[in-house]
Amino acid sequence: MSDEITVLLVDDQKLFQEGVRVIVDAQEGMRVVGTAGDGVEAVRLVEQLQPDVVLMDIRMPEMDGVEASRQIFAPERVAQRTKPVRVIVLTTFNLDDRAATAIRHGASGFLLKDTTPLMLRDAIRTVYSGNAVLAPQDLATLLDNQFQTEAPPPAAFLGLTDKEREVFTAVARGMSNAEIARTVYLSESTVKTHVGAILRKLALRDRVQIVVFAYEHGLV
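Residues numbered from 1 in each chain as written. Predicted model: local features only at pLDDT ≥ 70, side-chain atom pairs only at ≥ 80, totals over all residues. Heavy atoms only, no water.

### Here we look at the pairing of strand S1 (residues 5-10)
Here is step 1: Among the six residues of S1, six are classified as buried, and the element is accordingly described as predominantly covered.
Here is step 2: Of the two faces of S1, the one carrying Ile5, Val7 and Leu9 and the one carrying Thr6, Leu8 and Val10 are both buried.
Here is step 3: Handedness of the crossover joining S1 and strand S2 (residues 30-36) through helix H1 (residues 14-25) is recorded here as right-handed. (Buried < 20%, exposed > 50% of the residue type's maximum accessible area, 1.4 Å probe, protein only. Helix = DSSP H or I, 4+ residues; strand = E, 2+ residues; numbered from the N terminus. Right-handed = clockwise from strand over helix to strand, strands pointing away.)

Spelled out as structure tokens, the structure:
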């Protein structure tokens, strides 16, 4: 990964879009590489520009942020990329059900549109590193409302080692590598190795998807 984080802005309100562009471009090591006014254009520009992070409005004409997120993270599109793309959903409502659906499709969390420039900067850096941008308890609240019935764990989960399952549960509860290391008496580098193995074995993209997987299969 390069040192510069490239960002795609997706919002149908030009004034808001330009305001966010100014904020992002003012941050060291970040650059806006494109803008889109709806989900259709967003999906096209993700493939064309290959940004690191997409700031995605949830409510737009033509195609909303939920459907755009679903298409961006469609398996056939993900397989063709040479590097990961992360999506942060922008919403005016806290704990928005649409945001929860976007997270299930692959988004790394959500931010309220009235967030501060500092929080926006930190959120972009957080998802770029593969983490979620909302508190574990908020993610739990969102996902609890999404899964009324639980699917049984797939065979791949049964193939995890005992230690990997222990780390899996800790990640699903929103713990950081440092917290997990203290809990299971491992070094942080070993925890990171276990997380990588879990992602690979379960064919998941990042830690956020581990949380979604855990709720979907009643594992937390």
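### Notes on the pattern of salt bridges
Here is step 1: On inspection of all chains with the given rule, the structure shows 13 salt bridges.
Here is step 2: Salt-bridge contacts for Lys83 lead to Asp52; the nearest nitrogen and oxygen are separated by 3.0 Å. Taken as a pair, Lys83 in the loop between helix H4 (75-80) and strand S4 (86-91) and Asp52 in the loop between helix H2 (39-49) and strand S3 (53-57) lie far apart in primary sequence, 31 residues in all.
Here is step 3: Judged by relative accessible area, Asp52 falls into the buried class, the value being 5%.
Here is step 4: Ionic pairing is found between Arg121 and Asp122, a salt bridge with its closest N-O pair at 2.9 Å.
Here is step 5: Through salt bridges with shared partners, a single network forms among Asp11, Asp57 and Lys113. (Salt bridge = Lys/Arg side-chain N within 4 Å of Asp/Glu carboxyl O.)

### Focus on the sheet that holds S4
Here is step 1: Taken in spatial order, the five strands make up an open sheet running S2-S1-S3-S4-S5, and their pairing is parallel. Each edge of the open sheet carries a strand with a single partner, namely S2 and strand S5 (110-112). Averaged over neighbouring strand pairs, the angle between their axes works out to 25° when direction is ignored.
Here is step 2: Sheet topology places S1 next to S2; six bridges connect them, and they run parallel. Bridge pairing links Leu9 to Thr35 in S2. (Pairing = 2+ DSSP bridges. Axes fitted to C-alpha atoms, helices over the stretch in contact; angles between N-to-C directions.)

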